[in-house]
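Each chain, letter by letter, is given below.
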Amino acid sequence: MHWKVPLSDIDFDGAEKDAVLKVLESKWLMTGEVTARFEGEFSRFTGSRHAIALSSCTAALHIACYVLGIRPGDEVIVPALTFVATANAVLYCGGTPVFADIVDEKTLSISPDDVARKITPRTKAIIVVHYGGYFCDMSAFQQICFEKGIDLIEDAAHSPGAYMGDKHAGTFAKAGCFSFVPNKNMTTAEGGMLITDDDDLANKARATRSHGLTTMTWDRYRGHAYSYDVPVLGFNYRIDEIRSAIGLVQLGKLKGNNKRREHIVSRYVEALEKINGIEIPFKERIKYPNGETPSFHLFPILVQNERTRDALMEFLKGRGIQTSIHYPPVHLFTYYRSKFGTREGMLPKTEDISRRLLTLPLYGTLSEEQVEYIVESLRTFSEKE
Ligand SMILES: *Cc1c(COP(=O)(O)O)cnc(C)c1O
């Protein structure tokens, strides 16, 4: 399928290519100096004490759950309107995910009220997701976690460059997890980052990333160590120098690309709020930010019902415009249904929204003409419906 307007795109130029070639010429490919620089820059950018680069956001989520001590029998509250990795991370540790509903159709992120209702004596942690790059109600979640003595993890996969006041996403909890796959706001191809202010958590996460070893190949190469011990069970969740080199260049472009996303979102809102039958989640927060700088990762819209949604996606496809659904709810996936007995009716708001939602193309390199073409296509569809 050749799309006139694909769902996502990457802002690449010669700089990524040069950075990759430099790494190849150096012949040091494993986690080393470039990765250390990437971590340093990311930690400065987010204002977190530690940044640990990993092979994916899923790895970051798994490490966060593992290091915070999630074990069989423990419950972790997660949203269902998210990518499946948020909940899978809990399962990797043998924990049980407990799904919470979203706030409402204006705010598609996890509801603090529903989370509070779902806390039991077995609840060990909450993983929140800043859906689309818009913040969850972090003060409410911090309060719940403080009162109940449980841990808070931010799945900030959508949120590089997102600030509440001057505080970056991922710094409101014990750990913040970022994804750098190509459809996110910045990319390293595959890759992720865990940020934390907690020294102990950071040390454990660093060891866990590389088999639980006490020293790294890079330390031994530099002559800092001869051998190692394995005090804990670890994994291989390392990133490599090629990816970190791409990440450094991409991080430098992030602010500019997020600004460009913001500009496109304003244009979408201005044009689409005049079209009948289209609702725009987060609209008020986009128009009147009140201290929030979202990362504008996704631009979801809502229509009346599933039939219209499917017809609209098909119509846009016919015009070469790729759209998507963020997300099919996790609790309704076959694996989750069969393992945890989750079913329809458990999360009424999430289920309703997931049938009426579609995501429009949004990225820094989307042109004005492409945006107008999408807007005009939506107008045409609405007039014919
Ligand atoms: C993309 C994404 C992930 C997974 O990221 P990977 O880097 O592919 O592991 C996790 N959670 C959310 C909310 C995501 O959007």
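1. Quick word on the overall build of the chain
And then number 1: Of regular secondary structure, the chain possesses 14 helices and 12 strands.
And then number 2: Its C-alpha atoms give the chain a radius of gyration of 21 Å, near enough to 21 Å, the size a compact globule of 385 residues would have.
And then number 3: Projected onto its principal axes, the C-alpha positions of the chain cover 70 × 55 × 40 Å.
And then number 4: Expressed as a percentage of the 385 residues in the chain, the buried residues total 56%.
And then number 5: For the chain, the proportion of contacts with a sequence separation of at least 24, taken over those separated by at least 6, is 72%.
And then number 6: Accessible area of the chain: about 16600 Å², with a carbon and sulfur share of 52%.
And then number 7: Each charge sign in the chain was given a centre, from 46 positive and 49 negative side chains, and these centres are 2 Å apart.

2. Brief notes about the domain arrangement of the chain
And then number 1: Structurally, the chain comprises domain 1 (14-249) and domain 2 (254-384).
And then number 2: Look at where the C-alpha atoms of domain 1 and domain 2 centre, and you get two points 25 Å apart.
And then number 3: When the area that domain 1 buries against domain 2 is broken down by residue, the three leading residues are Glu105, Tyr134 and Asn185, summing to 22%.
And then number 4: One can count one salt bridge joining domain 1 with domain 2.
And then number 5: Here glutamate 105 ties to arginine 356 by a salt bridge, and the two come within 3.2 Å at their closest N and O atoms.

3. Describing the pairing of strand E8 (residues 175-179)
And then number 1: Where burial is concerned, most of E8 is hidden: five out of the five residues are buried.
And then number 2: With three bridges connecting them, strand E5 (residues 151-155) and E8 associate as parallel partners. Bridged to isoleucine 153 within E8 is alanine 175.
And then number 3: Relative to strand E9 (residues 192-196), E8 is paired through four bridges, and the arrangement is antiparallel. What sits directly across from glycine 176, in E9, is isoleucine 195.

4. Some thoughts on a nonpolar patch on the surface
And then number 1: Side chains of Leu21, Leu24 and Leu29 sit close together on the surface and give an oily, nonpolar patch of about 240 Å² of accessible area.
And then number 2: Position of leucine 21 relative to the elements: it lies in helix H1 (residues 14-26).

5. So, the nonpolar core
And then number 1: Counting 41 residues, the largest nonpolar core has Tyr268, Leu272, Phe299, Ile301, Leu312, Leu360 and Leu378 as its most contacted members.
And then number 2: Counting residues per element, this core draws most heavily on helix H9 (residues 241-272), which supplies six residues.
And then number 3: There are two domains that each give this core at least three residues, and those are domain 1 (14-249) and domain 2 (254-384).
And then number 4: If sequence neighbours within four positions are ignored, leucine 378 has contacts with Leu272, Ile275, Ile278, Ile301, Leu312, Leu316 and Leu360.
And then number 5: Of all hydrophobic cores here, the second largest spans 36 residues; its members include Ala59, Ala64, Val67 and Val78.

6. Section: the site of the ligand
And then number 1: The ligand sits among 16 residues. The nearest are Thr58, Asp155, His158, Ser179 and Lys184.
And then number 2: Separating an oxygen atom of the ligand from a side-chain N or O atom of lysine 184 is a distance of 3.2 Å.
And then number 3: Separating an oxygen atom of the ligand from a side-chain N or O atom of tyrosine 327 is a distance of 3.3 Å.
And then number 4: Elements supplying a minimum of two residues to the shell around the ligand: helix H3 (57-67) and helix H4 (85-92).

7. So, the packing of helix H11 (residues 306-318) against helix H14 (residues 368-384)
And then number 1: At a minimum axis separation of 11 Å, H11 and H14 run at an interaxial angle of 130°. Put simply, H11 runs oblique to H14. Once H11 is placed against H14, the crossing between them reads as right-handed. Only Ser377, Leu378, Thr380, Phe381 and Lys384 of H14 make contact with H11, whose side of the interface consists of Thr308, Ala311, Leu312, Phe315 and Leu316.
And then number 2: Partitioning the contact of H11 with H14 into residue classes produces six nonpolar, three polar and one charged.

8. Overview of the sheet that holds strand E10 (residues 292-293)
And then number 1: Taken in spatial order, the three strands line up as E7-E6-E10 in an open sheet, and their pairing is antiparallel. This sheet does not close on itself; its edge strands, each paired only once, are strand E7 (167-168) and E10.
And then number 2: Note that strand E6 (residues 163-164) and E7 share two bridges and pair antiparallel. In the sheet register, methionine 164 faces E7, and the bridge partner there is lysine 167.

9. Observations regarding the sheet that holds strand E4 (residues 123-129)
And then number 1: The strand order across the open sheet built from seven strands is E1-E9-E8-E5-E4-E2-E3, with neighbouring strands paired in mixed fashion. One side of each edge strand has no neighbouring strand; the edge strands of this open sheet are strand E1 (50-54) and strand E3 (96-100). Neighbour-to-neighbour, the strand axes of this sheet turn through a mean angle of 20°, independent of strand direction.
And then number 2: Judged from the three bridges that link them, strand E2 (residues 75-79) and E4 form a sheet pairing that is parallel. Looking at the pairing, isoleucine 77 lines up with isoleucine 126 of E4.
And then number 3: Sheet strands in contact with helix H6 (residues 138-148) are E4 and E5, and its direction is about 150° off that of E5.
And then number 4: Of the strands in this sheet, E1 and E9 touch helix H7 (residues 199-209), which is tilted by about 15° from E1.

What counts and what doesn't
Residues numbered from 1 in each chain as written. Predicted model: local features only at pLDDT ≥ 70, side-chain atom pairs only at ≥ 80, totals over all residues. Heavy atoms only, no water. Helix = DSSP H or I, 4+ residues; strand = E, 2+ residues; numbered from the N terminus. Rg over C-alpha atoms; globule rule 2.2 N^0.38 Å. Buried < 20%, exposed > 50% of the residue type's maximum accessible area, 1.4 Å probe, protein only. Contact = heavy atoms within 4.5 Å. Areas by Shrake-Rupley, 256 points an atom, 1.4 Å probe, with all protein chains shown as cover. Lys, Arg positive; Asp, Glu negative; His and termini not counted. Charge placed at Lys NZ, Arg CZ, Asp CG, Glu CD. Domains from an automatic or database assignment. Buried area = accessible area lost by both parts, 1.4 Å probe. Salt bridge = Lys/Arg side-chain N within 4 Å of Asp/Glu carboxyl O. Pairing = 2+ DSSP bridges. Patch = residues over 30% accessible without salt bridge, like charges linked within 9 Å, V, L, I, M, F, W, Y side chains within 5 Å. Core = buried A, V, L, I, M, F, W, Y, C linked by side-chain atoms within 4.5 Å. Near = heavy atom within 4 Å. Polar contact = N/O pair within 3.5 Å; in protein donor to acceptor, adjacent residues only side chain to side chain. Axes fitted to C-alpha atoms, helices over the stretch in contact; angles between N-to-C directions. Parallel < 35°, antiparallel > 145°, perpendicular 65-115°, else oblique. Left-handed = near helix turned anticlockwise from the far one by under 90°. Nonpolar A, V, L, I, M, F, W, Y, C, P; charged D, E, K, R; others polar.

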